Amino acid sequence: EGVTMSTTSLNTNANSDGEADTVSVALRVRPLVRSEIERGCQIAVQRAGDGSPQVTVNRAETFTYNYVFDTADSQQDIYDDCVHPKLKKLLSGYNVTILAYGQTGSGKTYTMGTSFNGIMDENAGVIPRAIHEIFKEIDAMSSSDTTSKSKFVVTCSFVELYQEQLIDLFSPNRSTVDVREVKSRIVMPGLTELQVQSAKEVTDYLMKGSAGRAVGSTAMNESSSRSHAIFTITVVASQTDGRDSVTTSKFNLVDLAGSERASKTLASGDRFKEGVNINKGLLALGNVINSLGSGQASGFIAYRQSKLTRLLQDSLGGNSITLMIACVSPADYNVAETLSTLRYADRALQIKNRPVVNLDPHAAEVNQLKDIIQKLRMDLL
Ligand code: ADP
Ligand code: MG
């Protein structure tokens, strides 16, 4: 589907497809893990029997989302149902964000595939699957012998937010970067943006970058990561037929830090400090979700409270097609944290975004000038 230009405005968002689109929420209930089985845990989170996207906790409280996945659903199922449909949008110029939220050990990293091991098997998560499909689509679209040929430039970046410090995981020695707002766009000056030609190249970088993440061990999960990880793929698409429109779209894949309160992880000392800072980002995220969800979208939204919310400014209430994957444990032992995640996810359902195709303003201007020249030529004839 081609992008049409308005002839009355040179604005970046000159097209009129900026319809409000609510954030969609997928709930994923993972199977019991060994530690829960050893603890004698019982299943406390049940999916509705009729196939509707609902779960009930302790046979008492029921929640409804856009999608509910449980132990019967594979990585492929999650990808096919809620990620695949968004890639067409990404390649036609929209920003797309996928956020994984939940307590430590609930399956965020497994679902996202942030720590890719290089093997494209049934365990591969959202990120490596999406990377492969993006390149498959791009190759098909650039080699098509129809007139609507497209040219794509793909870059990627990988940052970790740890104790309110943004670390460039693609820099040689974990350099920190700053986040700024320039002309209502969020930018990180100096961030390493790697230009990539193939899926293999991107997944190799993903593996290298995730190996450099800060990892702390807590009582809850030996290798739980106490930081947020944000992997971003930027696609610049140029139509090489008559009308030279250029779109730039960003695909943000976010593996958030554990949402549990510090106390449950028996955190102390440094770990405790980490807990406090993680809570700062997630607390700010919760505040943003609350104010956006309560319909006061025209009022003040506190994006500046943390770097996390600044980075996600466009993903929440802004220019992005956004999916939150809320991850929970099925165990009775974790019900308090599970209910907290379910309520958080419930509020995210209320957020309305305004995704638009991101046309390059210079390309738009060139197009309009071409139109004018064409008209003048016709007048001369
Ligand atoms: P988090 O990133 O939220 O801390 P992880 O993704 O590391 O949690 O998952 C914790 C453990 O549970 C890992 O051993 C992971 O392989 C396992 N796990 C998570 N989700 C699933 C699932 N849907 N199916 C099978 N195992 C899972
Ligand atoms: Mg994790």
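Residues numbered from 1 in each chain as written. Chains lettered and ligands numbered in written order. Predicted model: local features only at pLDDT ≥ 70, side-chain atom pairs only at ≥ 80, totals over all residues.

Draft legend 1. Region of the structure containing the packing of helix 4 (residues 126-143) against helix 5 (residues 199-211). Where helix 4 contacts helix 5, the two axes come as close as 9 Å, and the packing angle between them is 155°. Between helix 4 and helix 5, the crossing angle belongs to the class labelled roughly antiparallel. The way helix 4 lies across helix 5 gives a crossing that is right-handed. Residues Ile-127, Pro-128, Ile-131, His-132 and Phe-135 of helix 4 touch helix 5, and the partners they reach there are Ala-199, Val-202, Thr-203 and Leu-206. (Axes fitted to C-alpha atoms, helices over the stretch in contact; angles between N-to-C directions. Helix = DSSP H or I, 4+ residues; strand = E, 2+ residues; numbered from the N terminus. Parallel < 35°, antiparallel > 145°, perpendicular 65-115°, else oblique. Left-handed = near helix turned anticlockwise from the far one by under 90°. Contact = placed C-beta atoms within 7 Å.)

Draft legend 2. Examining unusual backbone geometry more closely. Unlike most non-glycine residues, Arg-59 shows phi in positive territory, near 50°. Topologically, Arg-59 is positioned in the loop between strand 4 (54-57) and strand 5 (61-64). Using a count of 8 C-beta atoms within 10 Å as the deciding quantity, one classes Arg-59 as exposed. (Buried ≥ 20, exposed ≤ 12 C-beta atoms within 10 Å, placed from the backbone.)

Draft legend 3. Molecular detail of the UniProt feature "binding site: ATP" (unreviewed entry) in the protein chain. Mapped onto this numbering, the UniProt entry gives "binding site: ATP" (unreviewed entry) at Gly-102, Gln-103, Thr-104, Gly-105, Ser-106, Gly-107, Lys-108 and Thr-109. You can see Gln-103 is positioned in the loop between strand 7 (96-101) and helix 3 (108-112). Judged by local crowding, Gln-103 falls into the buried class, with 25 C-beta atoms found within 10 Å. Sequence-distant contacts of Gln-103, defined by excluding residues within four places in its chain, comprise Gly-258, Ser-259, Glu-260, Asn-334, Glu-337 and Thr-341. If you trace the backbone, Ser-106 turns up in the loop between strand 7 and helix 3. In this view, Ser-106 contacts Arg-30, Cys-327, Val-328 and Ser-329; residues no more than four positions away in its chain are not counted. (UniProt positions renumbered as here; feature names shortened; annotations may be inferred.)

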